[in-house]
Structures are given as C-alpha cells and as structure tokens.
Amino acid sequence: MSAELIKIDKNDPDQEAIRRAGEIILAGGLVAFPTETVYGLGGNALDPHASEKIYAAKGRPSDNPLIVHIADLAHLTPLVREIPPSATALSERFWPGPLTMIFEKSPIVPYETTGGLDTVAVRFPSEPVAAALIRAAGGYVAAPSANTSGRPSPTTAQHVAEDLGDAIDMILDDGPVGIGLESTIVDFTQDPPCVLRPGYISLTDLEEVLGLCSMDPGLTGENAQVHPKAPGMKYRHYAPKALMTIVEGDRDAVISRINRLAAQAKAEGKRTRILACEENAGFYPPELCVCAGSRAREETIARHLYEKLREFDELGTDVIFSEAFDTPRLGTAIMNRLVKAAGHRVIHADGSDMAEKDTV
Ligand code: TXA
Ligand code: MG
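Everything numeric in this text was worked out from a predicted model, so none of it was measured. (Residues numbered from 1 in each chain as written. Chains lettered and ligands numbered in written order. Predicted model: local features only at pLDDT ≥ 70, side-chain atom pairs only at ≥ 80, totals over all residues. Heavy atoms only, no water.)

Caption draft 1: View of unusual backbone geometry. Along the chain, Trp95 connects to Pro96 via a cis peptide bond; the corresponding omega equals -5°. Note on placement: Pro96 falls in the loop between helix H3 (85-94) and strand E5 (99-104). For His344, which is not a glycine, the phi torsion comes out positive at approximately 70°. The partly exposed category is assigned to His344, whose relative accessible area is 44%. (Helix = DSSP H or I, 4+ residues; strand = E, 2+ residues; numbered from the N terminus. Buried < 20%, exposed > 50% of the residue type's maximum accessible area, 1.4 Å probe, protein only.)

Caption draft 2: Fine view of the side chain of Asp205. Residue placement: Asp205 occurs in helix H6 (residues 203-210). Residue classification places Asp205 among the buried residues on the basis of a relative accessible area of 16%. A distance of 2.9 Å separates a polar side-chain atom of Asp205 from the backbone nitrogen of Ser202. A distance of 3.1 Å separates a polar atom in the side chain of Asp205 from a polar atom in the side chain of Arg329. (Polar contact = N/O pair within 3.5 Å; in protein donor to acceptor, adjacent residues only side chain to side chain.)

Caption draft 3: Local environment of the domain arrangement of the protein. Structurally, the protein comprises domain 1 (4-220) and domain 2 (243-348). When each unit is reduced to the centre of its C-alpha atoms, the spacing between domain 1 and domain 2 is 29 Å. Roughly 1700 Å² of surface becomes buried between domain 1 and domain 2 when both sides are summed, with 52% attributable to carbon and sulfur atoms. Among the residues of domain 1 in contact with domain 2, Pro152, Leu181 and Pro198 are the three that bury the most area, contributing 32% of the side total. One can count five salt bridges joining domain 1 with domain 2. Here Asp163 ties to Arg310 by a salt bridge, and the two come within 2.9 Å at their closest N and O atoms. When residues of the side of domain 1 that touches domain 2 are assigned to their parent elements, the largest contribution, three residues, is made by helix H5 (residues 157-164). (Domains from an automatic or database assignment. Buried area = accessible area lost by both parts, 1.4 Å probe. Salt bridge = Lys/Arg side-chain N within 4 Å of Asp/Glu carboxyl O.)

Caption draft 4: Quick peek at the packing of helix H8 (residues 298-315) against helix H9 (residues 331-341). Put simply, H8 and H9 touch, their axes get as near as 10 Å, and they point 20° apart. With respect to H9, the element H8 is oriented roughly parallel. The interaxial crossing formed by H8 with H9 has left-handed handedness. Contacts between H8 and H9 pair Glu298, Ile301, Ala302, Leu305, Tyr306 and Leu309 from the former with Gly331, Ile334, Arg337, Leu338 and Ala341 from the latter. Residues belonging to the contact of H8 with H9 are distributed by class as follows: eight nonpolar, one polar and two charged. (Axes fitted to C-alpha atoms, helices over the stretch in contact; angles between N-to-C directions. Parallel < 35°, antiparallel > 145°, perpendicular 65-115°, else oblique. Left-handed = near helix turned anticlockwise from the far one by under 90°. Contact = heavy atoms within 4.5 Å. Nonpolar A, V, L, I, M, F, W, Y, C, P; charged D, E, K, R; others polar.)

In structure tokens form, the structure reads like this:
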C-alpha cells in the first residue's frame, strides 16, 4: 500500500496531521477520511483535475456526481444559485449531520465535480475529523464513499486501504464509523423536495420540518422504466461477490424457508451463508450464519451491514440468503442497500412468488 495511514482521535485530532492532509488536498491529491456515515475519499471540489482523479481512483463512471462537503454554513452560498427557505430550515435542524441537499449549482463548481449536471449536492458532516480536514483543505471537499466502485461502502479505514490503498495519498483512521449507511439525499430542485437516497434521517424526520416531501419513484426498482434520479442509485452496487437472495415475510416462515434454501444450496456444493438478525441467529446452523445486528437496536444493523457484506467475500461465499430488515425507523435505508446488494432478488417466504421450485 502506498497511502500513508494515520491514526487520528476525533476527541483530540492531531493538528499537524490534519494540516498535512489539508495540504495534500490543496495540492490536488486525495485523502480518505472518516465521516459519521461512511469513510469518504476527499479531493478539492473546486479543482476539476482532483475530481477526475477521484473518478479514476474509484473506477467510477464520470457521469456519477460527487457530493461537495463543507464545514461552515456560510460556504453553502457560493456553491449554489439559490437556497429555498425550506432548505435553510432543514439545514438548521440537521446540519452538521448525515444530510445531503441538492441545489442548482453556481459557476464556481466544475462540471467534473457534478458529473456534467447543472446541480450540486452539498453536505456538512458532523464528524470532527471531517470538519477539521475540510477547513484545512480550503472549505470545499468533494467526497464520494472511499470504496472501489461497485464494492460495499467502507465503514473502517481498513476497508479503504483494501480498496484504494495504492491509488490515494493518505488515509485518516478514526476507527469504525457511527452510522454505517450513506447520508440521506434531498433534492431541492423539485417541489416538493424529493428524497433521492434514503438514510439515517428518515422521511418522517424530513416531513416534520418540510411538511410535504416525496420519495423518488425510481428508488423501489419496481418499474424498470422509471430510473432513480441520483445517477449513483441506478448501479447494482454495495454488492458482495456472492449471489444474494432476500427472503421476506413472517418470522417463522422466513426462518424455515431460509433453512430449506440453505440446506439445498449446501447439498449442491455451494459455499452458503445466511445473514440474520441477532434475535433469529440461533435458529440457523451456526457455521452458516452471519449476524447483522439486533432488530431491537436497528442502528446496529445499519452500522454493520457493509462490514458483513465484505465479510462474505473474505470467507469465500457463493450464495447468501438474507432476512429482510424492514425495521421501523431505518428499515427503508437498510433495505434500499440490501436489495441493491441482492440485485433485486427478493422472494416471499410463503413461496407465492416461486411457483415451481426453490432454485436460486
Ligand atoms: O454519506 C455520504 O453521503 C458519503 C460520505 C462520504 O459523505 N458520501 C457518499 O458519496 O455517499 P457517493 O459519491 O458515494 O454517493 C453520492 C450519491 C450518488 O448516488 C450520486 O449519484 C448522488 O449522490 N448525487 C451527487 N450529486 C448529485 C446531483 N447533483 N444530482 C443527483 N444526484 C447526485
Ligand atoms: Mg458510494
């Protein structure tokens, strides 16, 4: 690995390390850093070459725009054409935090950063290391998740090193992130504002401030003709290498169908795993079961989901059968990522959608 890995403590960040990281970004280089959601890969958002470097390091299609990260509310104004009052209200409630807002862009934002779009996504993260780095780097840091395009987003510095260690200059390591799923994205270029990516801040949270807020109809994937509005949401990503199937339905029926499917796959010689919640883990063969977290503490599932998806690759896995984690508050965000990881393979435990046989 050629990137320099620096351990950093959010409660007492090493100012010298932050200053050096900021200088790397100002000089056109790339630094991975922790945020409260996932690790980001930072470059100078106002430098077209830095954005090109980010796309190259991630192997990301260049029509998939980057989020511009700020660490001072006053830095929003220069990036955008106008700020609707409802967006100001939302920023007052949730910034700094896991919320990204989309506006018409101003001329200072290069098209290389916005994937050619006339709009720009802006986020003000709450992680102190992220905020310190953004300030040291001049105030405007473009940062996608710091994974290779197509792999699960990184929730530890080790994940970043695995994917990008040879392609970037520095990694700031502040241990595992707190939330584990990327920020909620709300588009203010439409009226009412529209959620383009569900996250830790739920639709209910947003509606408390905005009154009306819609959900991008392209998100569900139910209608193949309706594409998601955020370019990044159309790709099959967050995916482990194994073929994953999600089984939804009543608890007992799910457990018995997953056990049947897993036994069958194992008998066929496939390296088989099960992704289950802590509450149900005891009902599956222990050697096959990977525990995603607790349904009763749903934030644990969000926090560990990507790490578990990566674990399947490390273990060597051909097929995965997963429970559905449609938990009350974070279920929409968790299932959005899980369904994509499964390439939309969702079946019902009662078998109603698989008339002939359990082939997966
Ligand atoms: O939590 C997060 O948001 C993390 C951390 C690092 O801050 N960042 C992140 O960035 O998830 P990324 O690049 O992995 O995902 C950005 C998403 C993509 O789906 C992209 O298509 C969408 O935001 N996006 C960015 N700018 C957009 C725009 N102008 N219009 C529509 N979608 C946009
Ligand atoms: Mg990403």
